[in-house]
Amino acid sequence: MKTLEDSLREIIALEGPITVERYMSVCLRHYYATRDPLGAAGDFTTAPEISQMFGELIGLWMLEVWNGMGRPAPCRLVELGPGRGTLMADLLRATRLLPDFKGAPTVHLVETSPSLRQRQQDALAESEFTVQWHDRFEDVPSGPILLVANEFFDALPVRQFLGTNRGWCERLVGLDDEHLILGLRPEPEPALGKPLRLGDVLEWPGVSVDIMGTLAGRLARDGGAALILDYGYWGPAFGDTLQALKNHRPVDPLQEPGEADLTTHVDFHRLAQAAATQGARVHGTVTQGEFLQALGIETRAEALKARATPAQAADIDRALTRLTERGPTGMGELFKVLAVTHEAIQAVPGLPALPFSS
Ligand code: SAH
């Protein structure tokens, strides 16, 4: 059977080397369309799969923001890249705390993978809300928005440039006799100017910037708020952050294309800039640990433990530690949280209302 690698070889033989962005895009589409990548049996685990507390606290965040907005109805509760639908299921359950909310939103899941859409449908089968699926955020019907995206932006393709004495040259994926290999476009990219240092890699998340620009434009026009959680940093920064994970282990991103999860670290500064340019207000970033603690994850863990067996209580404690852990490898510190809102929303729970300056 023809593999994705065979198809990529054909494309490259026919058209010449392709950009890292196109390579990632082809691989990721295949990857997400052909499997459930999450959980112990998959390639990686995400926060909502670690504990229900994550989605529940985001549900409470949504309630508070919705309340502060004057309880608009109808409104659109949106998730970008919902995975197994776990976050949305936990979030919706938590919103039962405020019964008035039930009549307000329709739920919109932006998901390109048919197999994950099926998983999401199963997860939300019991939900009292009307759920619709869309290929693109642009297709979400008009109206005020409450949006969440966890580990969505890290799964979008980026362009990469290497600093050379000719300028920033784009990294390409080409072929030697047998293997896919990394190469460089000989002509530099004039728009990027002079490199700071030879050998630096500059990543350009054009797809993310476009999606954030569209989302922020929509928030500025129709009102609402978006909560973005992902692993990443506040740029500018240099370095090659492309990584491939298979069975929870790093592998070579050019090996077995379309069979490993490809991600890059999210530059929140670029996302914030893209949002501010559209007239939206930016809140944060803070680390995931700070955010979840500000929303009361410890109190929620105690409440769950009060009704748990000793084994379940130990699981809850482990999950709490994993979600909030500090240090260079802790999820609580590696992951950052950013909110983007209509400018009338001056504060949101758990994030400082710092004036953004680019
Ligand atoms: N948010 C989930 C899953 C993260 S994995 C969680 O936290 O568990 C990334 C998700 O984004 C998957 O559901 C994947 O199919 C989806 N996705 C990737 N690229 C996409 C795109 N361009 N448009 C819409 N969804 C996309």
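For the structure, see preceding data.
Throughout, a residue's number is its position along its own chain's written sequence, starting from 1. It should be noted that, the model being predicted, local features are given only for residues of pLDDT at least 70 and side-chain atom pairs only at 80 or more, the latter also being counted only at that level, while totals for whole chains, interfaces and linings use all residues. The basis for every side-chain value is the complete set of non-hydrogen atoms in the structure, without hydrogens or water.

> Can you lay out the packing of aromatic side chains for me, pointing to particular residues and giving the numbers?
Centre distance and the angle of the planes are the two values used to describe a pair of aromatic rings. Any Phe, Tyr or Trp ring, taking Trp's six-membered ring, that has another such ring centre within 6.5 Å forms a pair; planes under 30 degrees apart are called stacked, those over 60 apart edge-to-face, and the others tilted. Scanning all chains against the criterion turns up six aromatic pairs. Residues tyrosine 31 and tyrosine 32 carry aromatic rings whose centres are separated by 5.1 Å and whose planes lie at 75 degrees to one another, so their mutual orientation is edge-to-face. Burial classes follow relative accessibility: with a 1.4 Å probe on protein chains only, a residue under 20% of its type's maximum area counts as buried, one over 50% as exposed, and anything between as partly exposed. Owing to a relative accessible area of 0%, tyrosine 31 belongs among the buried residues under this scheme. Taking relative accessible area as the criterion, tyrosine 32 reaches 16% and is therefore assigned buried. Summarising the aromatic geometry, the rings of tryptophan 168 and phenylalanine 238 are spaced 5.8 Å apart at their centres and angled 5 degrees between planes, so their arrangement reads as stacked. Within this pair, whereas tryptophan 168 is found in strand E7 (residues 167-175), its partner phenylalanine 238 is found in the loop between strand E10 (224-233) and strand E11 (243-246), the two being separated by 70 residues in sequence. Each helix corresponds to a stretch of at least 4 residues labelled H or I by DSSP, and each strand to a stretch of at least 2 residues labelled E; elements are numbered beginning at the N terminus.

> Which residues make up the packing of helix H7 (residues 206-222) against helix H8 (residues 268-277), and what values go with them?
For helices, the axis comes from a line fit to the C-alpha atoms of the stretch in contact; other axes are also lines fit to C-alpha atoms, and the angle between any two N-to-C directions lies between 0 and 180 degrees. Orientation of H7 relative to H8, taken along the N-to-C sense of each, is 35 degrees, at an axis distance of 8 Å. Every pair of crossing elements has a handedness; the one defined by H7 and H8 is right-handed. Contacts between H7 and H8 involve Ser208, Val209, Met212, Gly213 and Ala216 from the first element and Leu271, Ala274 and Ala275 from the second. Residue composition of the contact of H7 with H8, grouped by class: six nonpolar, two polar and no charged. Handedness of a crossing follows from how the near helix is turned relative to the far one, being left-handed for an anticlockwise turn of less than a right angle and right-handed for a clockwise one. Contacts were defined at the residue level, with two residues in contact if any of their heavy atoms lie within 4.5 Å. Residues were grouped as follows: Ala, Val, Leu, Ile, Met, Phe, Trp, Tyr, Cys and Pro as nonpolar; Asp, Glu, Lys and Arg as charged; and all remaining residues, including Gly, as polar.

> Lay out helix H2 (residues 20-33) in plain terms, naming residues and giving numbers.
In this scheme, a helix's expected span is set at 1.5 Å multiplied by one less than its residue total. Taking 1.5 Å of rise per residue, the 14 residues of H2 would be expected to cover 20 Å, and the 20 Å separating its terminal C-alpha atoms lies within 8% of that figure. Among all positions of H2, only Val20, Tyr23, Met24, Cys27, Leu28, Tyr31 and Tyr32 are buried. Relative to the axis of H2, the buried residues are bounded by an arc of 135 degrees and lie together on one face. The directions considered for the arc run from the helix axis to the C-beta atoms.

> Just give me the short version of the layout of surface pockets, but keep the residues and values in it.
Using a 1 Å grid laid over the protein atoms alone, points where a 1.4 Å probe fits but cannot get out form a cavity; open sets with protein on both sides within 12 Å along at least 5 of 7 lines form a pocket; any residue with an atom within 4 Å of a point counts as lining. Grid points are joined across faces, edges and corners, and a volume is the space filled by probe spheres set on the points. Considering only enclosed or pocket space, the largest pocket measures out at about 870 Å³ in volume. If you trace the largest pocket, you find 41 residues lining it, with Gly81, Thr112, Phe152, Ala155 and Leu156 closest to the centre. Counting residues per element, the ones that place at least two in the lining of the largest pocket are H2, helix H3 (47-50), strand E2 (75-80), helix H5 (86-94), helix H6 (114-123) and H7. No other element matches the six residues that H2 contributes to the lining of the largest pocket. Among the residues making up the lining of the largest pocket, the classes are represented as 20 nonpolar, 10 polar and 11 charged. Quantified by volume, the second largest pocket comes out at close to 550 Å³. What lines the second largest pocket is a set of 20 residues, and nearest its centre among them are Thr45, Tyr231, Leu245, Leu334 and Phe335. Where the lining of the second largest pocket is concerned, the elements lending two or more residues are E11, strand E13 (261-263) and helix H12 (331-334).

> Hey, could you go over the site of the ligand for me, with residue numbers and the actual values?
Put simply, a residue is near a molecule or strand once any heavy atom of it comes within 4 Å of that molecule or strand. With respect to spatial proximity, 18 residues lie near the ligand, and among them Thr46, Gly81, Gly83, Glu111 and Asn150 are the closest. Nitrogen and oxygen atoms within 3.5 Å of one another constitute a polar contact, given that in protein one can donate a hydrogen and the other can accept it, and given that sequence-neighbouring residues count only through two side-chain atoms. In this structure, threonine 46 approaches the ligand through a side-chain N or O atom, which is 2.6 Å from an oxygen atom. At a separation of 2.5 Å, an oxygen atom of the ligand approaches a polar side-chain atom of glutamate 111. Protein contacts shield 91% of the accessible area of the ligand, which totals 570 Å² for the unbound molecule. A molecule is said to be in a cavity or pocket once over half of its atoms fall within 2 Å of that pocket's grid points. Judged by its atoms lying within 2 Å of the grid points, the ligand is housed in the largest pocket. Only the protein chains shown count as cover for residues, with accessible areas throughout obtained via the Shrake-Rupley method and a probe of 1.4 Å.

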